[in-house]
Every structure is written in structure tokens, then in C-alpha cells.
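Residue-level listing of the chains:
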Amino acid sequence: MFYRESGQLKTSYQEDQALLSITQDRIGLLLILIGAFVLIPLLASDYWFTAILIPFLVFSLAALGLNLLTGYAGQLSLGTAAFMAVGAFAAYNFELRVPGLPVLVSFILAGITTAIVGIAFGIPSLRIRGFYLAVATLAAQFFIPWLLVKVGWFTNYSSSGVITTQPVEIFGYVFDSPVERYLLVLAIVSVLALLAKNLVRSNIGRAWMAVRDMDVAAEVIGIKIMRTKLIAFGVSSFYCGVAGALYAYVYLGSVEPDGFNLDLSFRILFMVIIGGIGSIMGSFFGAAFITLLPIFLDIIINDGAALLNLKLAAGITSVMQLLVFGGLIIFFLIVEPLGLARLWQITKEKLRLWPFPH
Amino acid sequence: MEFFLEVLIGGLLAGVMYSLVALGFVLIYKASGVFNFAQGAMVFFAALTFVGAQEKLGLSLWAALAFSLLLMILLGVLTEKIVLRPLVNQPPISLFMVTIGLTFFVEGLAQLMWGTKVYPLELGIPDEPVATTIESLGLSATNLPTVLQEINSFDLIAAIVAGVLVAGLAIFFQITKIGRALRAVADDHQAALSIGIPLKSIWAIVWSVAGFVALVAGLMWGARNGVQFALTFVALKALPVLILGGFDSVMGAIVGGLIIGALEKLAEVYIGPFFGGGIEIWFAYVAALLFLLIRPEGLFGDKQIDRV
Amino acid sequence: MTENILNVNKVSLSFGGVAALKNVSFQVEEHKILAIIGPNGAGKSSLLNVVNGVYKPQKGQVIFKGKTWKNVVPYEAARSGIARTFQNIALFKGMSVLDNILTGRNLKMRAGLLSQAIYLGKCQREETNHRKAVEQIIDFLQIQHIRKTPVGRLPYGLQKRVELARALAAEPELLLLDEPMAGMNVEEKEDMSRFILDVNEEYGTSVILIEHDMGVVMDISDKVVVLDYGKKIGEGTPEEIRNNQEVIDAYLGVAR
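Let us look at the overall build of chain A. Looking only at helices and strands, chain A has 14 helices and four strands in total. With the C-alpha coordinates of chain A rotated into their principal frame, the extents come out at 65 × 65 × 45 Å. When contacts within chain A are restricted to residue pairs at least 6 apart in sequence, those whose partners lie at least 24 apart make up 75%. In the form shown here, chain A has an accessible surface area of approximately 15100 Å², with 68% of it arising from carbon and sulfur atoms. One finds the centroid of the 21 positive side-chain charges in chain A at a distance of 9 Å from the centroid of its 19 negative side-chain charges.

Printed below as a string of C-alpha cells:
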């Protein structure tokens with residue numbers, strides 16, 4: 001009843017192709033942005049910023065990157081964390097070796113560096129598909145962190161391999177407190193999400209989906225498969241690289257190569273699957289879900305144990321996490337392969353009629 | 001030269017272990033077209049169940065073996081029924097992703113049942129040079145070539161076990177009725193179904209056999225390195241093996257395992273020092289990746305012709 | 001005398017020893033409709049695949065618009081003005097009808113990656129212009145009511161029509177249609193025949209058509225080529241083919 005497009009007639013193709021063609025959607029987005037940029041900074045505690053909101057946004061960006069590659073272009077990658085590592089260490093080295101380089105420029109350069117690395121590891125995708133490619137991306141996952149550890153230059157010869165990031169300073173202003181860091185990430189992620197949305201609704205986005213759905217037909221109508229796939233790897237890696245830089249600079253402050261392990265790659269893949277394969281918004285849903293789930297699990301298990309007076313076995317939380325993550329992935333792929341984003345879409349369709357039955 | 005041979009043989013024998021894990025992948029891939037990423041987790045599950053059943057339930061070695069086998073079969077059958085059957089006809093990539101979910105689930109389940117501690121696994125196989133073993137049996141090993149004397153008994157027995165297993169599977173699939181049905185299913189599901197092959201029970205059998213193979217692999221790996229979570233990472237090494245050998249070839253799994261094992265050891269010894277060591281972590285993957293660029297279908301895999 | 005848009009010259013193709021095409025030659029005149037007929041497995045689809053570069057013939061040449069193709073790939077065939085539809089529908093299942101058809105115009109889009117990411121300005125103008133062109137095709141094929149539907153949800157006949165729309169979106173000079181009417185009812189076949197004739201007349205597009213329905217073939221084609229076991233066994237106007245003894249034998253079988 002309240003969410004419906006009736007009466008909103010479009011008189012030009014431009015209007016019909018607009019990002020948010022329904023007034024309700026425009027209002028909705030405005031409310032979300034006001035909430036994210038104004039209300040949350042006023043209300044949330046430091047714990048919320050550092051433990052939930054900042055990681056949520058960083059992971060959203062990484063999931064968005066992977067989603068462009070896997071969800072839109074159909075190329076599965078198990079090396080997301082390695083590409084994040086490239087971004088983190090590239091940003092660190094740009095800051096370290098080019099004195100006075102604005103940190104935002106470093107982030108962009110880190111993204112570009114990662115894009116180049118991503119394209120290099122995407123080259124096998126021209127000859128192999130599906131899970132063959134997935135296995136090939138494992139090469140990146142194991143090789144890159146090893147290289148970062150072995151070549152001391154990357155970590156500025158830090159003996160433990162741990163790097164501590166430089167302060168995030170933009171135009172002389174240091175983003176230091178949790179709320180400042182949150183706002184910085186939020187701004188970057190918002191802009192990059194908008195750009196991603198634009199890409200997927202333009203020519204390149206259609207080419208990605210065409211290659212994903214049927215590559216032979218795509219080639220026959222004139223899409224260059226090689227170029228399209230490599231652009232997907234490049235753009236996706238750019239996003240993962242920036243996410244990696246933010247992960248190091250804004251979320252953790254100090255990172256080591258081994259932190260970007262296969263487990264992290266899987267976690268981001270899970271965000272994409274649960275959030276919604278081939279959906280920009282789904283990446284955010286998935287990231288929120290996977291970020292919050294362990295926190296909830298922890299609370300439930302500990303409180304439940306306290307309530308029942310049980311003594312918990314060591315490591316039970318991580319075991320439960322494995323079980324729940326695995327179970328959810330299986331559940332979603334079987335029951336709702338398009339993830340939370342699809343559930344949201346269904347809700348919207350229901351809202352068109354609500355509260356009336358027809 | 002002698003040193004080279006020693007490294008090579010060590011590598012080949014280590015490769016046998018990879019082959020053991022890879023074998024389980026191939027079986028399932030052949031029968032159902034599913035690339036079962038969870039095979040490694042199943043290896044871990046099997047090994048942990050075997051030691052867990054002895055420690056926690058106080059079962060004897062043989063009882064624990066029977067118990068683990070039973071559980072593996074149950075796991076395989078349930079996986080096929082609950083996880084994969086609803087996804088028949090979905091794109092292979094979805095099936096692959098669901099097995100990643102399965103990996104996590106099975107790993108979690110194993111640790112939920114038996115705890116997270118590292119168990120030793122004792123099969124009573126000596127972990128020492130062959131020469132020592134032979135001498136402890138009261139025989140003389142002096143007329144063996146030195147290279148052979150240096151081989152680890154454990155590796156040798158693992159190789160023999162793998163050989164017997166492969167031979168057994170080959171015979172099973174070549175001469176039994178089930179085997180013939182399986183090969184028919186591997187060729188064309190629809191056609192097999194239409195001539196009255198019970199597809200569902202074939203799949204259940206294949207998953208059970210894969211569970212059995214996982215158990216054997218789990219016992220060997222567990223006895224070698226202890227039963228711990230890291231086992232799942234070792235199992236990942238089976239993936240480059242498969243790329244090399246081809247996903248649908250039993251022969252490929254064996255030869256691929258041997259090649260990867262040998263290459264890895266040789267690379268670690270001869271190339272590793274130039275990079276400061278530790279290249280074993282990624283070498284197999286990169287080797288497989290390079291190989292893919294030359295021959296995407298693997299050494300023994302079938303070449304696919306695209307039809308439009 | 002009209003020009004030949006396509007010359008297929010003594011083409012042979014085999015897959016690992018199995019010959020799919022043996023020494024096949026034929027020409028397509030500009031603005032004409034050529035039908036290829038023949039029993040199943042005669043090599044008809046393989047012939048189309050040779051024409052648009054999916055398969056490379058071991059022998060013979062394909063000359064398109066006066067240019068002999070060397071190692072042509074489907075992308076180049078598309079670029080030089082060949083579009084096609086497939087025997088088994090090859091639409092992009094996850095996309096809407098509109099997006100599917102817009103993909104057909106990818107070769108005409110110029111906006112760079114960055115411009116697409118920013119969208120406002122050049123990219124938006126381009127999207128709107130191409131949308132206009134696509135809407136004309138949508139009107140022409142009468143599929144306005146389904147433009148935002150995901151193609152996976154459409155019935156078979158409409159999917160075939162969307163595939164034709166996608167091919168037309170590229171504004172091809174030569175259109176290859178692989179059994180565009182297979183599995184359709186009489187009414188749908190009539191619609192499709194009319195669309196093909198209209199395309200041929202209004203846009204002057206040359207057409208190669210593979211079809212099993214002899215009624216349709218005889219009605220709409222200017223020339224017919226008959227294949228059997230990879231060999232050309234007949235060529236001529238529909239009238240000539242109807243009376244060609246060898247063709248009749250191939251179709252009905254003959255006591256030897």
C-alpha cells in the first residue's frame with residue numbers, strides 16, 4: 001500500500017533508468033544516509049564503532065569486490081584475503097616511501113596496485129572455468145602472504161612481519177577517534193558502492209553478467225571475453241585492495257601477512273553467498289550478518305551456559321561458529337540461493353500490497 | 001645423485017598421501033559431477049572419530065575402525081541426501097560452494113563430538129628408516145642399496161596401502177555390477193536413469209566409498225602428523241593434484257599426487273634456499289596453475305568440446 | 001546483379017576424424033533470405049558456426065563483404081556485422097529482457113570504465129540513446145509487456161523472440177538464425193516468419209535460416225541449400241528444390 005510505484009509515471013527513458021526510480025526508494029535511501037552519517041555518530045558507543053560498525057563497513061567493501069567478480073562476472077575466487085593483503089601492504093609502502101603522500105591517494109594507489117595483481121592472477125580464468133579457477137586462486141591465497149613475509153622490504157624489515165600503519169591524516173586533520181574513523185570509512189564505502197552500482201547497470205555490468213550466464217553467446221554478440229573477465233578481476237581487486245587498506249589503517253591499525261589467510265577469504269565468500277550473489281546491497285547484508293553472528297553466538301553460548309550452570313569446553317565458540325556458518329551456507333544455497341537480498345526483494349513486493357490481501 | 005634420488009623418493013612417497021585424498025575427490029566427481037571441497041574435512045572427521053572413539057568411548061582399535069567406517073558411511077549418505085540431492089541440476093559453481101559450507105560444518109561437527117585437542121594416532125607402524133625396521137625383524141639390510149635403506153618404513157607402508165586401495169577400487173569398479181552402473185552414471189546421468197540404474201543408491205554407494213577412502217587417508221595422515229585441525233590444510237593439497245591429473249581420472253589422482261609430491265620436495269630442496277624456504281606452502285598451487293595454462297583438462301582428463 | 005554478401009568457398013570441417021562438413025560452397029546475396037535444410041546431423045549448425053567464427057574450418061574460405069577471413073573469432077564476426085540466434089536458446093538467464101537486448105548493442109557503446117562508474121554525463125546519455133534504439137526493436141517484435149521480466153521466466157516462444165531482438169539490436173548486415181521456429185505452434189511460427197520477412201525488407205538485412213518446417217522455408221526464402229551428411233546435395237529456389245530428385249531421396253530415403 002505505502003510502498004508502490006503506481007501514479008509515478010515516467011516520461012523519459014532517463015527517468016526509467018534512474019538508480020532509484022521510485023519516490024519511496026529515494027526517501028528510504030535518504031533516511032539510511034541520515035541515520036548512518038548523523039544519528040549513529042551521535043548515538044553509538046566506541047565499542048560499537050570499533051567492534052561492529054567499522055569492521056562491518058570494511059567487510060562490506062571486500063564482499064562487494066568479491067561480489068562483482070563472483071556474483072556479476074561469475075568467476076569464483078578463494079583468494080580475496082590475499083588481495084586485501086596486497087592493498088594493505090601497498091598502502092603502507094606508499095605512505096612509507098613517498099613522504100607527504102595524502103593517505104586517500106595511497107588508498108587509491110593501493111587499489112590500483114591490487115587491481116594489477118588481481119589481473120595477473122585472473123589470467124588463468126581465460127582458459128579455465130568454475131572450480132578449476134577457484135583452485136587456481138588458491139595459488140594467490142598461499143603465494144601472496146608468503147611473499148609478503150619473505151621479502152622484508154614489504155614489511156619494512158619488521159622482524160615479526162607485523163606492520164603498524166601510519167596515522168590517517170587528511171588535509172592536516174588526523175582521523176583518530178572511533179567516530180572519526182567510522183565516518184571516514186563510511187564516506188569511502190558509500191562512494192565506492194555508488195560507483196559499483198553504476199558499473200553493474202552500464203555496459204560493462206551487462207557484459208559481466210552475459211559472460212557469467214553464457215560465455216559462448218556473449219562472444220557471438222561481440223563481447224570480448226578476455227577483456228571482460230580481466231576487467232572484472234581488476235575492478236574486483238581494486239575494491240578488495242581498498243578494503244584491505246582500510247582493514248589495516250582504519251580497523252586494526254597493525255596487521256601481519258598471515259592475518260590475511262584462507263579463513264578470511266572464506267568468510268568474505270560467505271558474506272557474498274548469504275547476502276546475495278549478484279547484488280550490491282546483498283554484500284552489505286551479508287557483511288552485517290557475518291560480522292554480527294559470532295557476537296550473537298558468543299553471547300548466546302556464554303549466557304546459555306551461565307544460565308544452565310554448564311562448564312564450557314575450550315574453544316566451543318569457534319566450533320559452534322564453524323557449525324553455524326557451514327550450516328547457514330548449505331541452508332541458503334539450497335533454500336534461497338540469492339540470499340538475504342532476495343528476501344528483501346520479496347519483502348518489498350509484499351509491501352506493495354500490505355496491509356491489503358490483494 | 002644419491003641425494004637427489006633420496007629427495008625424489010621421499011617426495012614420491014609423500015605424494016602417495018596426496019593421492020589418497022585426491023582419490024576421494026575423483027570418485028565423487030566422476031559419479032555426480034560434484035567437486036567435493038569437503039573431502040579434506042571428511043578426512044579430518046574420519047581420523048578424529050577413529051582416535052576419539054578409542055579415547056572417549058574406550059573402544060578397541062578394531063571396534064573404533066568399524067565405528068568410524070560406519071559413521072563415515074552415514075555422513076556420506078546423509079550429505080548426499082540432505083545437501084546435494086536438493087541441488088541437482090544447479091550450476092556446478094553452486095554445488096562447489098555448498099561443499100565449502102559442508103567443509104565448515106563437518107569440521108565443526110567433528111570437533112563438537114570429539115573436542116578440539118590434538119590427538120596422537122598410533123597404528124603401530126614404525127616411523128624409521130627401512131634398514132632399522134628390517135634389522136629389528138632380525139634380518140640384514142646390508143645388501144639393499146643405500147637409497148632404499150634410507151626410505152622411511154611408514155612412507156613405504158602408506159604407499160603399499162594406497163596401492164592396495166587403488167587396486168581394490170579399480171577391481172570393484174571394473175568387475176562388479178555396481179561398478180558398471182557407476183561408470184554408466186558417470187557418463188550420462190539421464191541415460192543411466194532411463195535404463196533403470198538406481199541413481200540414488202549409486203550415489204549413496206559412491207559417497208560411502210568416498211567416506212571409506214577418507215578414513216584410510218585420515219588414518220595414514222593422522223598417524224604421520226597427529227590428528228589436528230591442520231589436517232584439513234594438508235588435504236587442500238589434493239586440489240593441485242587434481243588439476244594436474246584431471247578431476248575425473250583415478251589414474252590422474254595417483255600420478256598427479258606422485259608428481260606434486262616429488263616436485264614439491266625437489267623444489268623445496270633445490271629452489272627453496274634461494275627464496276628463504278617455505279615454498280612448500282604455495283609451490284604445488286603455482287605449479288598446477290602454470291600447468292593449467294598449458295593443458296586445462298589435466299593429464300588424464302577428458303577434453304571438453306563446446307557445443308552451441 | 002546483386003552483390004554477394006557472403007561467399008562460403010569449399011569449406012571442410014572435421015572433429016577428430018569425424019567429418020562434419022565436406023567441401024561445402026554457397027553464396028548469400030545481399031538483402032536475400034537463404035534457407036539451409038537437411039536431416040538432423042547434416043552439419044547445418046556447424047556451417048553457421050563456421051560462418052561466425054565459432055569453429056575454424058580445416059579447408060576452404062569464408063568471404064564476408066569481400067574480405068577473406070583468416071583465423072576469425074566470433075568477436076570479429078560480430079564486429080563486422082554478423083549476428084545470430086542459437087538452436088538451444090542462448091539468452092542470459094539472470095538478466096531482464098531489456099538488459100539482454102541492450103547487451104546486443106555492446107559493440108556500439110563507447111563510454112570508458114571510469115565514465116561508466118561515474119555514470120552521469122556521457123554514460124547516461126549513451127545509455128538513454130541505446131535504450132531508444134532498443135525500444136524500437138521491442139516495439140517491432142511486440143514484446144513491450146515483458147521488457148522488465150527476467151528472461152528465465154518467459155515461455156519458450158517469447159524467449160526465441162527476445163533472442164531475435166538481441167541479435168537485431170546489433171543492427172547486423174547478416175543474420176544467422178538457427179531453427180528460430182523449432183518447438184513453436186502455428187501461430188507463433190506465423191509471427192516469427194513475419195518478423196523475419198519484415199527485418200529483411202525494412203532493414204535490408206540478409207538472412208541465413210536453418211529450419212525444418214518446409215512450409216515456412218518454401219514461403220519465406222529466396223534460395224535454399226540442402227545438406228546431407230556434411231555435403232551439399234542441392235541448391236536453388238524453393239521451387240527447384242521441391243523438384244530435385246536427390247533432395248527427395250535424401251529426405252524420404254531410397255531403396256539402393
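Residues and elements named next belong to chain C. Strand order in the open sheet made by the six strands is β6-β7-β8-β3-β9-β10, with mixed pairing throughout. Both edges of this open sheet fall to β6 (82–85) and β10 (231–236), since each of them pairs with a single strand only. The sheet shows a mean angle of 15° between the axes of neighbouring strands, taken without regard to direction. Across five bridges, the pairing between strand β9 (residues 223–228) and β10 is antiparallel. Within β10, the residue paired with L227 across the bridge is K232. Strands β3 (33–37), β6, β7 (174–178), β8 (206–210) and β9 of the sheet are contacted by helix α1 (residues 44–51), whose axis makes an angle of about 150° with β7.

In total, this model carries 35 aromatic pairs over all chains according to the counting rule given. With 4.7 Å between their ring centres and 80° between their planes, F143(A) and W282(B) make a pair best called edge-to-face. Of this pair, F143(A) sits in helix α6 (residues 130–150) while W282(B) is found in helix α14 (residues 280–294), placing the two residues in two different chains. F143(A) sits in the partly exposed class, given a relative accessible area of 21%. On the basis of relative accessible area, W282(B) is assigned to the buried category, the value being 7%. With 5.7 Å between their ring centres and 85° between their planes, F266(A) and F37(B) make a pair best called edge-to-face. Here the residue F266(A) occupies a position in helix α11 (residues 262–275), and F37(B) occupies one in the loop between α1 (2–32) and α2 (39–56), the pair thus bridging two chains. F37(B) shares its class with F266(A); the two are buried.

Let's shift gears to the domain arrangement of chain C. Residues and elements named next belong to chain C. Domain boundaries assigned for chain C yield domain 1 (1–81 + 173–256) and domain 2 (90–171). Taken together, the 21 residues of domain 1 in the interface contact twelve residues of domain 2. The junction of domain 1 with domain 2 conceals about 1300 Å² of combined surface from both sides, 71% of it contributed by carbon and sulfur atoms. Between domain 1 and domain 2 we count one salt bridge in total. For D191, the salt bridge identified is with R161, shortest N-O distance 3.6 Å. Those elements giving two or more residues to the side of domain 1 that touches domain 2 turn out to be α2 (74–79), β7 and α7 (186–203). Top contributing element to the side of domain 1 that touches domain 2 by residue count: α7, with nine residues. The residue inventory of the side of domain 1 that touches domain 2, partitioned by class, reads eleven nonpolar, one polar and nine charged.

Bringing the sheet that holds strand β5 (residues 67–68) of chain C into the picture now. Residue and element names in this part refer to chain C. Read from one edge to the other, the open sheet built from four strands follows the order β2-β1-β4-β5, with strand pairing classed as antiparallel. The open sheet is flanked by β2 (18–29) and β5, the only strands paired with a single partner. Relative to strand β4 (residues 59–64), strand β1 (residues 4–15) runs antiparallel, the two being bridged by five bridges. The partner of V8 across the bridge, within β4, is V62.

Glancing now at the environment of L19(A). Residues and elements named next belong to chain A. As for its placement among the helices and strands, L19 is situated in the loop between α1 (13–16) and α2 (23–43). Using a relative accessible area of 35% as the deciding quantity, one classes L19 as partly exposed. Placed 248 residues apart in sequence, L19 and R267 show a C-alpha to C-alpha distance of 30 Å. Discounting chain neighbours no more than four positions away, the residues touching L19 are L194, K197 and R201.

This brings us to the pairing of β6(C). All names here are of chain C. Side chains of β6 alternate between two faces, with I82 and R84 and A83 and T85 buried alike. Judged from the four bridges that link them, β6 and β7 form a sheet pairing that is parallel. Looking across to β7, one finds that A83 is bridged to L175.

Looking now at the side chain of E264(B). Residue position: E264(B) is located in helix α13 (residues 250–275). Filtering out sequence-adjacent residues up to four positions away, E264(B) remains in contact with Y18(B), K237(B), E280(B), F283(B) and A284(B).

Let us look at the nonpolar core. Counting 219 residues, the largest nonpolar core has W208(A), F260(A) and F35(B) as the members making the most contacts within it. Broken down by element, the residue count for this core peaks at 16 residues, all from helix α10 (residues 225–252) of chain A. Aside from chain neighbours lying at most four places away, what touches W208(A) is L68(A), Y72(A), A73(A), L199(A), V200(A), T228(A), I231(A), A232(A) and V235(A). In terms of nonpolar packing, the next biggest core, distinct from the first, is built from 37 residues, V97(C), I137(C), M192(C) and V216(C) among them.

Looking now at the environment of G257(B). Residues and elements named next belong to chain B. Mapped onto the elements of the fold, G257 is located in helix α13. Distance in space between the C-alpha atoms of G257 and V21 is 9.1 Å, their sequence separation being 236 residues. Setting aside residues up to four positions removed in sequence, G257 forms contacts with G15, Y18, S19, V241 and G252.

The next subject is the pattern of salt bridges. Evaluated as defined, the whole model comprises 23 salt bridges over all chains. With a closest N to O distance of 2.7 Å, K148(C) and D16(A) form a salt bridge. Of this pair, K148(C) sits in the loop between α5 (122–140) and α6 (156–169) while D16(A) sits in helix α1, placing the two residues on different chains. Here K223(C) ties to E235(C) by a salt bridge, and the two come within 3.1 Å at their closest N and O atoms. With K223(C) in strand β9 and E235(C) in strand β10, this residue pair connects regions lying twelve residues apart in the sequence.

The subject of this paragraph is the packing of helix α7 (residues 153–175) of chain B against helix α10 (residues 199–225) of chain B. How two helices sit against one another is set out by the angle between their axes and by the gap between those axes. Residue and element names in this part refer to chain B. Between α7 and α10, the least distance of the axes is 11 Å, while the angle of their chain directions is 175°. The orientation of α7 relative to α10 falls into the category roughly antiparallel. Contacts between α7 and α10 involve F154, D155, A158, V161, L165, L169 and F172 on the former and, on the latter, V209, F212, V213, V216, M220, A223 and R224. Partitioned by chemical class, the residues of the contact of α7 with α10 number twelve nonpolar, no polar and two charged.

What follows deals with the interface of chain B and chain A. Quoted interface sizes are often the accessible area lost when the parts come together. Listed as interface residues are 48 residues of chain B and, on the opposing side, 39 residues of chain A. Approximately 3900 Å² of surface area, both sides summed, lies buried where chain B meets chain A, with 84% of it carried by carbon and sulfur atoms. Among the residues chain B hides against chain A, the three largest losses belong to M97(B), F104(B) and W282(B). Together they make up 17% of the total. Applying the counting rule to chain B against chain A returns zero salt bridges. Counting the contacts that link chain B with chain A gives zero residue pairs in polar contact (both at pLDDT 80 or more). Secondary-structure elements contributing two or more residues to the side of chain B that touches chain A are α3 (61–84), α4 (92–114), α11 (231–236), α12 (238–245) and α14 of chain B. The element best represented in the side of chain B that touches chain A is α4(B), accounting for 16 residues. Partitioning the side of chain B that touches chain A into residue classes produces 37 nonpolar, eight polar and three charged.

About the cut-offs
- Residues numbered from 1 in each chain as written.
- Chains lettered and ligands numbered in written order.
- Predicted model: local features only at pLDDT ≥ 70, side-chain atom pairs only at ≥ 80, totals over all residues.
- Heavy atoms only, no water.
- Helix = DSSP H or I, 4+ residues; strand = E, 2+ residues; numbered from the N terminus.
- Contact = heavy atoms within 4.5 Å.
- Areas by Shrake-Rupley, 256 points an atom, 1.4 Å probe, with all protein chains shown as cover.
- Lys, Arg positive; Asp, Glu negative; His and termini not counted.
- Charge placed at Lys NZ, Arg CZ, Asp CG, Glu CD.
- Pairing = 2+ DSSP bridges.
- Axes fitted to C-alpha atoms, helices over the stretch in contact; angles between N-to-C directions.
- Phe/Tyr/Trp six-rings, centres within 6.5 Å; stacked < 30°, edge-to-face > 60°.
- Buried < 20%, exposed > 50% of the residue type's maximum accessible area, 1.4 Å probe, protein only.
- Domains from an automatic or database assignment.
- Buried area = accessible area lost by both parts, 1.4 Å probe.
- Salt bridge = Lys/Arg side-chain N within 4 Å of Asp/Glu carboxyl O.
- Nonpolar A, V, L, I, M, F, W, Y, C, P; charged D, E, K, R; others polar.
- Core = buried A, V, L, I, M, F, W, Y, C linked by side-chain atoms within 4.5 Å.
- Parallel < 35°, antiparallel > 145°, perpendicular 65-115°, else oblique.
- Polar contact = N/O pair within 3.5 Å; in protein donor to acceptor, adjacent residues only side chain to side chain.

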